[in-house]
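Architecture at a glance
Now for the letters of each chain:
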Amino acid sequence: MKKVLLVLLAVLFLFGCSNAGGTAKVTDGETAIITSPDGNYTKQDLFDAFMNTDMSYTLLQHICKQIAAKEGFDVEASVEETVEMYKSMYGESFDLLTESYGGLDGFKEYIRGSVSITRLYDEYLKMNMEKYVEEYKPFKAQIVYFDTMEDVDKFLGTVNSGADFAQTATDMGYLLDATGQVYTDKDSLPYEVKEYINSSSETGLSEPIVTVLSTTDANGTATETNRYYIVNVLDRDYNNFEDEFINSLRSYVDNAAAMSYYFEKHNLTVHDQRVYDLLSATYEGVK
Amino acid sequence: MDQKELIKKYWFVGLVAVFALIFLGIYAGSEIKNRPTTVKTAQEDGKYLIYRLGDDTYTADELYEDLYPANALSNVFVRYDYMVVNKAYETTTEMNDIASSNAQYLISAYGEDTIDSELKAMGFKGSEDLVNYYIYLQKSNQFLKDIFTNDQSELVDSFIAENNPKIISHILVKVANVETVTNSDGTTTLVAHPTEEEQAKLDEVVSKLGTEDFAELAKQYSEDSSASNGGSLGYYDATVAAGYVPEFSAAADPLTEGQVTEPVLSQYGYHIIRCDASTKEALLANDSFIAQLQSKYPTVYQKAVLAKGAELGIEIADADIAQQIQDVIATAEEGGN
């Protein structure tokens, strides 16, 4: 009977034990930041205050810098390019900007982290490119639409005579990217336009694609009118516009999958409960 | 009694103990399975690690250095302010009661998790510190009032002379049909066409002015969002006046403390406007006036906190941060604040 009771007590004791994880400490944590007769505010207190804010981006930058180096990705050219961009944006205020990062070197480290995150993200997208091409069906095209057949005929008449698609659209009041844009199956194009794109593997100018536009006025009266799309497919081979497609993918594929992949691959092991809770809330592969 | 007899006598107790053990084991196992992952600390060369990535590590010291530039100044000053103000003022029962009441309301409105993370981001311990935070706010507000009342009296006199500030309240009785009539000289006049109900309401309010409390009348009769606050519109001066309709500000501008207007017609209906404070003493007792002073002279509070801290023996020992605070104050003062 005594042994049974002892075992019961042991189980209850073990169950009741605290499951709080470990937290890292800074060296010389007792150093006073603020001294007071009622007790100092120390370096450890300040560090713990930092750890209670959302420092996930700082952590991610640091982790990704190391992973990018391990993967052999050279980010220095991108770092310099980004720093130059900030210099021209901020002009005389650039020095003030870098002050909050501890100077130019600190600012470059910050940029190196950001650039590393983007690089890993892009490389992950490239690694899984076939999957994304199948899912997103990217193509490069110029697309215009008109609300009357008169405008359609005028546009096509001019373009079919040899005039430039983009210039003709601009002359008729359109703001259009002259080189064309990368579209995907997820973009908000009318169903009929997507049907046209998916039904063919050709490039070139389409016939007018008729869609129906439904509008409701202030009185609640619904009206349906035709809208005519003209698509000039420039390229269907993603290899010819991979960078633009990756840029487009960033709107749809968040970087959590990419980060999780690299954390798992490089066996990221965290030794602070707060950091673990923060990272594991968004990313897998954190140990 | 031998073992067999013992078992024979206590077999039921033994059976219950076994089932209890089994149940506890299942329950404990389930809890352990669902328990969030706990992390063990690790050190290398005497330094705590944040993470390890293959052969590479990131220490707590490195993370501290990375977070310090952008976060140290604000964290330390908030904590310093908290320590100074808490030591400078005793916590009264009234402060505690107000803080507890506010804390309860905030948690029920926003949830404990939200409050917890917001307070931690400000350098507090979390939701457990919410009452202490509200006590600190009250003490900080009192400190601010005392600074402007006692130490910065001339600054306040100059502000009052320059801005002619007042604190105002109003009661709005809405009139749906207000017509704008164009006069022969091109000017316009507002003409009200109140319903019987609207007129009766206005008459009732006017009859009670002077005998009943203005704030209570506003709560009962006023038809705008200030009603629940006793009709208080807070701080008013020439700059603020621009945000009101011209009829309102024309009536409010000349008011002095205690004066109440006749009903003033605007496109919204009839306003009865009261000047709650225009003398220095009454203005200094009002939080929205104090807030205006704080906004106009932000370095006054910062310098006063540092002076009070020195007096109480509370010092910022980190020379870097102490210098940054002085630089911030100097920059703000150069900017004319």
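Counting of residues starts from 1 at the beginning of each chain's written sequence and follows it residue by residue. Starting at A for chains and at 1 for ligands, labels are handed out in the order in which the entities are written. The predicted origin of the model limits local features to residues at a pLDDT of at least 70 and limits the giving and counting of side-chain atom pairs to 80 or more, whereas totals for whole chains, interfaces and linings rest on all residues. Where side-chain values are given, they derive from all heavy atoms of the structure, hydrogens and water being excluded.

Let's talk about the environment of P246 of chain B
- Inspection of the secondary structure puts P246 of chain B in helix α10 (residues 246–252).
- Distance from P246 of chain B to S266 of chain B, taken between C-alpha atoms, is 8.3 Å for residues 20 residues apart in sequence. Strands are runs of DSSP state E lasting at least two residues, helices are runs of H or I lasting at least four, and both sets are numbered from the N terminus onward.

Here we look at the domain arrangement of chain A
- Entries for chain A in the domain assignment read domain 1 (54–131 + 248–280) and domain 2 (139–237).
- Once you take the C-alpha centre of each, domain 1 of chain A and domain 2 of chain A turn out to be 38 Å apart. A domain assignment, automatic or from a database, supplies the domain bounds used here.

Section: the side chain of T82 of chain A
Residues and elements named next belong to chain A.
- Within the secondary structure, T82 is located in helix α4 (residues 76–90).
- Side-chain atoms alone can form a polar contact between residues adjacent in sequence; in general such a contact is a pair of N or O atoms within 3.5 Å, and within protein one must be able to donate a hydrogen while the other accepts it. Here S78 takes part through its backbone oxygen, which lies 2.7 Å from a polar atom of the side chain of T82.
- Those residues within four positions of T82 in sequence are excluded, and the remaining contacts are I111 and V115. Residues are treated as being in contact if the distance between any of their heavy atoms lies within 4.5 Å.

A short note on unusual backbone geometry
- Of note in the backbone geometry, D28 of chain A takes a positive phi value of approximately 55° without being a glycine.
- Tracing the sequence through the fold places D28 of chain A in the loop between α1 (2–16) and β1 (32–35).

Some words on the sheet that holds strand β4 (residues 166–174) of chain B
All names here are of chain B.
- With antiparallel pairing, 4 strands are arranged side by side in an open sheet as β7-β4-β9-β8. A single partner strand is all that each edge strand has here, and the edge strands are β7 (232–236) and β8 (264–266). The average angle at which neighbouring strand axes cross in this sheet is 40°, direction not considered.
- Think of it this way: DSSP has to see at least two bridges between two strands before they count as a pair. Across 8 bridges, β4 lies against strand β9 (residues 269–277) in antiparallel orientation. Residue pairing for β9: V173 is matched across the bridge by Y270.
- Between the N-to-C directions of two axes lies an angle of 0 to 180 degrees, each axis being a line fitted to C-alpha atoms and, for a helix, fitted only over the stretch in contact. Those strands touched by helix α7 (residues 196–208) are β4 and β9, and its axis lies near 145° from that of β4.
- Sitting on the sheet, helix α12 (residues 287–296) touches β4 and β7, and the angle it makes with β7 is about 30°.

Topic: the interface of chain B and chain A
- On the side of chain A, 54 residues touch chain B, which itself brings 57 residues to the contact.
- For the pair chain B and chain A, the two sides together bury roughly 4,700 Å², of which 68% comes from carbon and sulfur.
- The term salt bridge refers to a pairing of a side-chain nitrogen on Lys or Arg with a carboxyl oxygen on Asp or Glu at a separation within 4 Å. Where chain B meets chain A, there are 2 salt bridges.
- Across the pair K87 of chain B and D38 of chain A runs a salt bridge whose closest N-O atoms are separated by 3.0 Å.
- Our count for the chain B to chain A interface comes out at 16 residue pairs in polar contact (both at pLDDT 80 or more).
- Breaking the side of chain B that touches chain A down by element, the ones donating at least two residues are α1 (3–34), β2 (47–53), β3 (56–59), α2 (60–88), α4 (112–121) and β10 (315–316) of chain B. A quick way to say it: buried area is the sum, across both parts, of accessible area lost when two parts are put together, with a 1.4 Å probe.

Describing the pairing of strand β6 (residues 209–216) of chain A
All names here are of chain A.
- Strand direction decides the pairing type here: β6 and strand β7 (residues 222–235), joined by 8 bridges, are antiparallel. Bridging from a neighbouring strand, T211 pairs with R227 of β7.
- Connecting β6 to the next strand, β7, in antiparallel fashion are 5 residues, including G220 with a positive phi near 85°.

Things to note about the pairing of β7 of chain A
Residues and elements named next belong to chain A.
- Direction of pairing for strand β3 (residues 139–146) relative to β7: antiparallel, over a ladder of 7 bridges. Following the sheet pairing, I143 is matched in β7 by V231.
- Here strand β5 (residues 204–205) runs beside β7; their pairing, made up of 2 bridges, is antiparallel. What sits directly across from L205, in β7, is N232.

Regarding the domain arrangement of chain B
- Structurally, chain B comprises domain 1 (71–152 + 298–314) and domain 2 (164–284).
- On a C-alpha basis, the centres of domain 1 of chain B and domain 2 of chain B stand 36 Å from each other.

Considerations on the packing of aromatic side chains
All names here are of chain A.
- When the centres of two rings from Phe, Tyr and Trp lie within 6.5 Å, Trp using its six-membered ring, the rings pair. Their planes under 30 degrees apart give stacked, over 60 give edge-to-face, and anything left gives tilted. Tallied over the full model, the rule gives 33 aromatic pairs over all chains.
- When the centroid spacing of 5.7 Å and the interplanar angle of 85° are considered together, the rings of F94 and F107 count as edge-to-face. Here F94 is found in helix α5 (residues 94–99), whereas its partner F107 is found in helix α6 (residues 104–127), with 13 residues between them in sequence. Residues F94 and F107 agree in their burial class; the two are buried.
- Relative to Y183, the ring of F139 lies with its centre 5.7 Å away and its plane at 20°, an arrangement referred to as stacked. Here F139 is found in strand β3, whereas its partner Y183 is found in strand β4 (residues 181–183), with 44 residues between them in sequence.
- A 1.4 Å probe rolled over the protein chains alone gives each residue an accessible area, and that area as a share of the maximum for its type sets the label: buried under 20%, exposed over 50%, partly exposed in between. The exposure class assigned to F139 is buried, which follows from its relative accessible area of 4%.
- Only Lys NZ and Arg CZ are tested; either one counts as a charge over a ring when it is within 6 Å of the ring centre and within 35 degrees of the ring normal. In this structure, K186 packs its charged tip against the face of Y136, placed 5.4 Å from the ring centre.

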